[in-house]
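One-letter residues, chain by chain:
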Amino acid sequence: MASTDFGNLVHTNPAAVLHPSSIGDIVSLLKFSNNHSSPFKIAPRGRGHSCRGQAMVANGVVIDMPSLNNPITRFYADVGGEQFWVDVLHATLDHGVAPVSWTDYLYLSVGGTLSNAGISGQAFRYGPQITNVHELDVVTGKGELITSSKKKNSELFHAVLGGLGQFGIITRARIRLEAAPKRVKWVRMLYDDFSTFTRDQEHLISLYGNYQELININHGLNYVEGSIILQQANPNNWRSSFFSSNDQLRITSLNVPNGVLYFLEVAKFYYDHDDDTNTDKELKKQLEGLNYIPEFIFTRDVSFVEFLNRVRKGELELHSKGLWEVPHPWLNIFIPKSQIEDLYHVIPNIIAKDNTDLAGPILLYPLNRNKWDDKMSAVTPEEDVFYTLGLLHSSGYDDWEALERKNEEILKYCEEHGIKIKQYLPHYTAKKEWENHFGHKKWRIFQQRKNSFDPKMILSPGQKIFNSVD
Ligand code: FAD
């Protein structure tokens, strides 16, 4: 193969052919030749479509480049800060590519989620949306339009990502893309024991905690989330209708010790050219050794768009019943892995008190901190693995305060028991609380950045950071 090409005119034998499995292999080969007493020649060979031996080398080494088989990672999309993620999805799919990190719900704006973090079941592997941005155009609080990236105006770049709208208005974000999968194997497994549920979640994300670089997209799981439900509640909710009526019956007639169930939810993406049985085999391999309730594993095979846009259907249903525009006293917190059991003891009690229903989905899933960038304004707990807990309450106009009190109870419990949570989509009103949220060092940086980019404190006052009470 290495001694011929499309022209079929020149035939030259190399001494060896390198089939690299990483860029490191190529670096080593070049270094080896450079350090040799008489450096040998090296020729990378693409597909050998030269006509006159241009990719051949006599007595040297041909590098068979296709062996690298790296995913195509150099795609990006320039999108307006005002765009919805769902539109980004459709526009990029037209070119066979898509962003890698998502939120559960796609009718959120790019600038809005990048001002927080943007998390979903992909974040354990790809990081939050803020770490999948190459470049930003920002109109700062001073009214200057500045292009920024990790290398250029990096202070502004890092300030704005997770910056709660405090430093500038994102008008363009350059978002990382990958080849888009076509379909998704979407799986839910049922647990009746909290510790087993979290142990399995942590196991699934652990592989990605050790790697900084991208693991080949064809391997492993692409999405890991989890949720908590009361057994008597409908296992389907507005976030996704996943279970058939038969599945629902099986779930509700299960004998569950304390009436609380846990769903571990995973997804494996696959491409047109993937063999379906290989995808199933890879999925099976990933789920080996998990301790869900035997037989309570449910699988669906859906299109990539149906999977990513899974919340839309429920949203439209709630809209039609007038139940979307109700009060939403949500609480989202990040909890260090080592303290998740401490916190969990109180959650069902607090929530189930007064015999109220859970009043909305409860999400709980772990994230790898090494996929976040501490230079950015977003705040996480300090442990390598932390959980995100989302209490996505909906309520009537009269009873939202009761749910708000439950949220406060949870926050108070954490404070009193030394559980080092961080609020996601934070809501504070006192300066001291913000200082505590960011931590001393980060708060100082946050204030300095505010002075640099929005010294007149013009932007996003609704966050109540620089106009909070002392
Ligand atoms: P807004 O609420 O309009 O703005 C949020 C903040 O960013 C404000 O301070 C605003 O001033 C500022 N801002 C807005 N646009 C810009 C811009 N272009 N430049 C700079 N600052 C700007 N979050 C997740 O991470 N994962 C989820 O899965 C998820 N699911 C959700 C599901 C639903 C149904 C809802 C309602 C929210 C969900 N969220 C989720 C939360 C969401 O990320 C936040 O609400 C976020 O604020 C995005 O909403 P938005 O685009 O409407 O921004």
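These numbers were taken from a predicted model, which means no experiment stands behind them. (Residues numbered from 1 in each chain as written. Predicted model: local features only at pLDDT ≥ 70, side-chain atom pairs only at ≥ 80, totals over all residues.)

Observations concerning the site of the ligand
Put simply, the rule is: We count a residue as near a molecule or strand when its backbone-placed C-beta atom lies within 6 Å of that partner. Elements are defined by DSSP. Helices are runs of H or I of four residues or more, strands are runs of E of two residues or more, and each kind is numbered from the N terminus. Note on residue classes: Ala, Val, Leu, Ile, Met, Phe, Trp, Tyr, Cys and Pro are nonpolar, Asp, Glu, Lys and Arg are charged, and everything else, Gly too, is polar.
Neighbouring the ligand are 23 residues, the closest being G81, S109, G111, G112 and G165. Residue assignment for the shell around the ligand shows that the elements contributing at least two residues are α3 (110-114) and β8 (168-179). Looking at the shell around the ligand, the element that brings in the most residues is α3, giving three residues. Considering only residue class, the shell around the ligand consists of eight nonpolar, 14 polar and one charged.

Topic: the nonpolar core
Nonpolar side chains in soluble globular proteins tend to be buried together. Test applied: For our purposes the nonpolar core covers buried Ala, Val, Leu, Ile, Met, Phe, Trp, Tyr and Cys residues that link as a set through C-beta atoms within 7 Å. Each residue is classified by how many other C-beta atoms fall within 10 Å of its C-beta atom, where C-beta atoms are placed from the backbone; a count of 20 or more means buried, 12 or fewer means exposed, and values in between mean partly exposed. For the purpose of contact definition, each residue receives a C-beta atom placed from its backbone, and two residues are in contact when these atoms lie within 7 Å.
Ranked by size, the top nonpolar core spans 84 residues in total, and within it V160 and I335 carry the most contacts. Top contributing element to this core by residue count: strand β11 (residues 260-270), with nine residues. Residues contacting I335, with those up to four places away along its chain left out, are I340, L343, P381, F386, Y387, L389, I419 and I421. Membership of the second largest hydrophobic core comes to eight residues, among which are L18, A55, V57 and V62.

Thoughts on the domain arrangement of the protein
For interface size, the figure often reported is the accessible area lost on association. So the rule is basically this: Boundaries between domains were set according to an automatic or database domain assignment.
If you check the domain split of the protein, you get domain 1 (16-68), domain 2 (75-179) and domain 3 (183-423). Look at where the C-alpha atoms of domain 1 and domain 3 centre, and you get two points 47 Å apart.

Things to note about unusual backbone geometry
The phi torsion at N153 lies on the positive side, around 50 degrees, for a residue other than glycine. Relative to the assigned elements, N153 resides in the loop between β7 (145-149) and α5 (154-160). Given 17 C-beta atoms within 10 Å, N153 falls into the partly exposed group. Backbone geometry places L164, a non-glycine residue, at a positive phi of 55 degrees. Relative to the helices and strands, L164 is located in the loop between α5 and β8. Judged by local crowding, L164 falls into the buried class, with 21 C-beta atoms found within 10 Å.

Quick look at the pairing of strand β10 (residues 223-230)
So the rule is basically this: DSSP-based pairing: two strands are paired if at least 2 bridges between them are found.
Taking burial as the measure, the eight residues of β10 include seven buried ones, the bulk of the element. Looking at chain direction, β10 and β11 are connected through eight bridges and run antiparallel. Following the sheet pairing, G226 is matched in β11 by L264. Bridge count for β10 against strand β14 (residues 362-368) is two bridges, and the pairing is antiparallel. Directly across from S227, in β14, lies its bridge partner L363.

Some remarks on the environment of D78
Counting through the fold element by element, D78 comes out in strand β4 (residues 75-80). When the 11 C-beta atoms within 10 Å are taken as the criterion, D78 is described as exposed. Distance in space between the C-alpha atoms of D78 and E135 is 8.8 Å, their sequence separation being 57 residues. In this structure, D78 is in contact with R172 and R174, ignoring residues within four places of it in sequence.

Side note on the sheet that holds β10
With antiparallel pairing, the eight strands of this open sheet are ordered in space as β12-β9-β11-β10-β14-β15-β13-β16. Either end of the sheet is taken by a strand with one partner, and the two such strands are β12 (297-303) and β16 (422-423).

Considerations on helix α8 (residues 276-287)
Keep this limit in mind: Any helix carries an expected span of 1.5 Å times its number of residues minus one.
For α8, which comprises twelve residues, the first-to-last C-alpha distance of 17 Å matches the rise-based estimate of 16 Å (1.5 Å per residue) to within 8%. Counting buried positions over the twelve residues of α8 gives one, only a small fraction of the element. Trailing α8 by a residue or two, G289 shows a phi angle of about 85 degrees, which is positive.

Digging into the sheet that holds strand β1 (residues 16-18)
Test applied: Angular values range over 0 to 180 degrees, each being the angle between N-to-C directions of two axes fitted as lines to C-alpha atoms, with helices fitted over their stretch in contact.
Taken together, three strands build an open sheet; the order of strands is β1-β3-β2 and the sheet is parallel. Every other strand in the sheet has two partners, leaving β1 and β2 (42-45) as the edge strands with one partner each. Averaged over all pairs of adjacent strands, the angle between their axes in this sheet comes to 25 degrees, without regard to strand direction. Of the pairings in the sheet, the one linking β2 to strand β3 (residues 61-64) comprises four bridges and is parallel in character. Its bridge partner lying in β3, R45 is registered against D64. Each of β1, β2 and β3 is contacted by helix α1 (residues 23-35), which is oriented at about 160 degrees to β2, the strand it contacts most.

Structural notes on the packing of helix α14 (residues 431-438) against helix α15 (residues 440-453)
Keep this limit in mind: With respect to orientation, any angle under 35 degrees is reported as roughly parallel, any angle over 145 as roughly antiparallel, any angle of 65 to 115 as roughly perpendicular, and every other angle as oblique.
Orientation of α14 relative to α15, taken along the N-to-C sense of each, is 115 degrees, at an axis distance of 6 Å. With respect to α15, the element α14 is oriented roughly perpendicular. Here W434, E435 and F438 of α14 lie close against α15, whose contacting residues are K442, W443 and F446. Broken down by class, the residue content of the contact of α14 with α15 amounts to four nonpolar, no polar and two charged.

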